[in-house]
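A closer look at the structure
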Amino acid sequence: MAKRIYNYLGEMKIAIEGSEHKLDRYERNIEEVPSFGGDYDAIIRIEDRDHSGIIKDKKFPYSWSKPNLEQLPLQGIDYYRYGTKIRTIWVVSPLEYFVKDYVLDDDGILDIFRRIYCDSNFSRDKTLIHGSLLQLKDRGVLIVGPCRSGKTTLTLSFLEQKGLELISEGISLISSKGDKQFIGYYLPRSIYLRFSSITNIEKLAPLLRDYDLSESTQYFDVDAIKKIIQSKYFDLDAGITISRKIFSELMKIQLKKSSLINQIIFTKYSEDVEITGLNQQDAFKLLRENEFPLRDTFGRIIHQQDISPPQNSIISPNWLDKVDCKLVSFDGHRQLTSSVLEELL
């Protein structure tokens, strides 16, 4: 068994213990360079069982779970794809998890990694926002909006046309430090792209020719995804999950761990392109509407439209004192011309 220790954000040392092959795969979504010995704050121990294929017994839903009582007094949870057990997770303590893996599944381990950090005291000054974070030179641009409001479309347009760097896509970890510095951080998680987004970006076309490039566990049935690709039904509400590293390699962009946030762009779909400046009060309201709870969010990402903002928030209007805030309305990728993107920046 190999062990790699990641000093996440320079704050918390999280160790992952398992086979070299699996550790290599998890690392495609982790920006920190690991150490291979020394102390750590938390650990995820992974035991590989005999890997077998998923049997599609459609009497069962695609994804479900049930309690596991094999190691009482520790209660575990069995996770399934259809009728096939894919992993069991035991919480030994908030800082120690034991996992039995029955199939190659990176999403479960990355979810535990995030859970450990978000449940710890290291995250007490942070929260989650439904948005992507990019960087242009020394300026951070946070793109915020609800599900299907154009966040990914705008993010991909900036990356494709303006060469920005990516910190996080879809969900960002944010906080405010001294001297009113508004900061955003990456999360170790794969990137989900709808087919409608992939087909608009030529650099992502290889994903439609070679599905195995994804390096990631999928939210949907793999055979269904392959049928969509073969039949080219790309207007369906479905997509592919890919690793951060594959995304950066295909898009030919740099990945970053964090950035100061100097600008927030809120997105909304409408027939015509319109860019509106926002005052601090309106921007704060929109930011709060798109906040996610720090705990118990990631297991529900596939149903993110059902996640409500936390009742109590650490976000304050003064976080936006030095931030330029805008609202952009548009109908699709073609409307996001170079001149529109320049105006937004």
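Fair warning: this is a prediction, and the values are worked out from it, not measured in the lab. (Residues numbered from 1 in each chain as written. Predicted model: local features only at pLDDT ≥ 70, side-chain atom pairs only at ≥ 80, totals over all residues. Heavy atoms only, no water.)

1. So, unusual backbone geometry
To keep it simple, the criterion reads: Secondary structure is summarised from DSSP: a helix means a run of H or I of at least four residues, a strand means a run of E of at least two, and numbering begins at the N terminus for each. When accessible area is computed with a 1.4 Å probe and restricted to protein chains, residues below 20% of their type maximum are described as buried, those above 50% as exposed, and intermediate ones as partly exposed.
Positive phi, normally seen in glycine, also occurs at Leu9, with a value near 60°. With respect to the helices, strands and loops of the structure, Leu9 is situated in the loop between β1 (2–8) and β2 (12–18). Not every positive phi belongs to a glycine, and Tyr82 is a case in point at roughly 55°. The class of Tyr82 is buried, set by a relative accessible area of 8%.

2. Things to note about the packing of aromatic side chains
Short version of the rule: Classification of ring pairs rests on two measures: the distance between centres of Phe, Tyr or Trp rings, Trp counted by its six-membered ring, which must be within 6.5 Å, and the angle between planes, read as stacked under 30 degrees, edge-to-face over 60 and tilted in between.
Using the criterion set out here, one finds 12 aromatic pairs in the structure. Ring centres of Tyr6 and Phe113 lie 6.4 Å apart, and the angle between their planes is 65°; on these two criteria the pair is classed as edge-to-face. With Tyr6 in strand β1 and Phe113 in helix α2 (residues 106–118), the pair connects residues that are 107 residues apart, well separated along the chain. Phe113 gets classed as buried once you look at its relative accessible area, which sits at 0%. Aromatic ring contacts, followed pair by pair, group Tyr6, Tyr8, Phe113, Tyr117 and Tyr186 into a single cluster.

3. Overview of the sheet that holds strand β11 (residues 165–168)
As a reminder of what qualifies: Note: two strands are recorded as paired if DSSP finds a minimum of 2 bridges between them. Lines are fitted to the C-alpha atoms to define the axes, a helix being fitted only along its stretch in contact, and any angle between axes, read from their N-to-C directions, falls within 0 to 180 degrees. Here a residue-residue contact requires only that any non-hydrogen atoms of the pair lie within 4.5 Å.
Sheet architecture is open: six strands sit in the order β11-β9-β10-β17-β20-β18, paired in mixed fashion. Across the chains shown, the open sheet's two edge strands, defined by having one partner strand only, are β11 and β18 (274–277). Direction aside, neighbouring strands of the sheet carry axes that sit 25° apart on average. Examined bridge by bridge, β18 and strand β20 (residues 324–330) share four bridges and lie antiparallel to one another. Within the sheet, the bridge partner assigned to Ile275 lies in β20 and is Val328. Of the strands in this sheet, β9 (131–136), β10 (139–144), β11, β17 (263–269) and β20 are in contact with helix α3 (residues 151–162), which crosses β9 at around 15°. Of the strands in this sheet, β10, β17 and β20 are in contact with helix α8 (residues 280–289), which crosses β17 at around 70°.

4. Notes on the nonpolar core
Rules: The nonpolar core is taken to be a set of buried Ala, Val, Leu, Ile, Met, Phe, Trp, Tyr and Cys residues, with the residues joined through side-chain atoms within 4.5 Å.
Formed by 54 residues in total, the largest nonpolar core has its most connected members in Ile16, Ile44, Leu142, Leu173, Phe182, Ile264 and Leu287. Within the second largest apolar cluster, 37 residues are counted, among which are Ile191, Leu193, Met251 and Phe330.

5. Section: the pattern of salt bridges
Stated precisely, the cut-off is as follows: The term salt bridge refers to a pairing of a side-chain nitrogen on Lys or Arg with a carboxyl oxygen on Asp or Glu at a separation within 4 Å.
Under the criterion given, the structure shown has 27 salt bridges. Asp57 serves as the salt-bridge partner of Lys59, at 3.8 Å between the closest nitrogen and oxygen. A salt bridge links Lys126 to Asp125; the nearest nitrogen and oxygen atoms lie 3.1 Å apart. Its relative accessible area of 3% is what places Lys126 among the buried residues. According to the relative accessible area criterion, Asp125 is partly exposed, its value standing at 27%.

6. A closer look at the pairing of strand β12 (residues 172–177)
Two elements, strand β8 (residues 126–129) and β12, share four bridges in a ladder whose sense is antiparallel. Pairing of Lys126 across the sheet is with Ser175, part of β12. Sheet topology places β12 next to strand β13 (residues 181–185); five bridges connect them, and they run antiparallel. When the sheet's bridge partners are listed, Ser175 is paired in β13 with Ile183.

7. Focus on the state of the cysteines
Let me state the cut-off plainly: Counting rule for disulfides: a pair of cysteine sulfur atoms within 2.5 Å.
A complete count under the given rule lists zero disulfides for this structure. Of all cysteine sulfurs, the one in Cys147 lies closest to Cys118, which takes part in no disulfide; the gap is 20 Å.

8. A short note on the sheet that holds strand β6 (residues 84–93)
The strand order across the open sheet formed by seven strands is β1-β2-β3-β7-β6-β5-β4, and the pairing between neighbours is mixed. Bordering the open sheet on either side are β1 and β4 (63–68), each of which pairs with just one other strand. Averaged over all pairs of adjacent strands, the angle between their axes in this sheet comes to 20°, without regard to strand direction. Where strand β3 (residues 42–48) meets strand β7 (residues 96–101), six bridges bridge the pair, whose relative direction is parallel. Considered in β7, the bridge of Arg45 is made with Phe98.

9. So, the environment of Ala2
Mapped onto the secondary structure, Ala2 falls in strand β1. Remark: the alpha-carbon pair of Ala2 and Lys22, spanning 20 residues in sequence, is separated by 9.9 Å. Those residues in contact with Ala2 that lie beyond four places of it in its chain are Ile16, Glu17, Gly18, Glu20 and Leu23.

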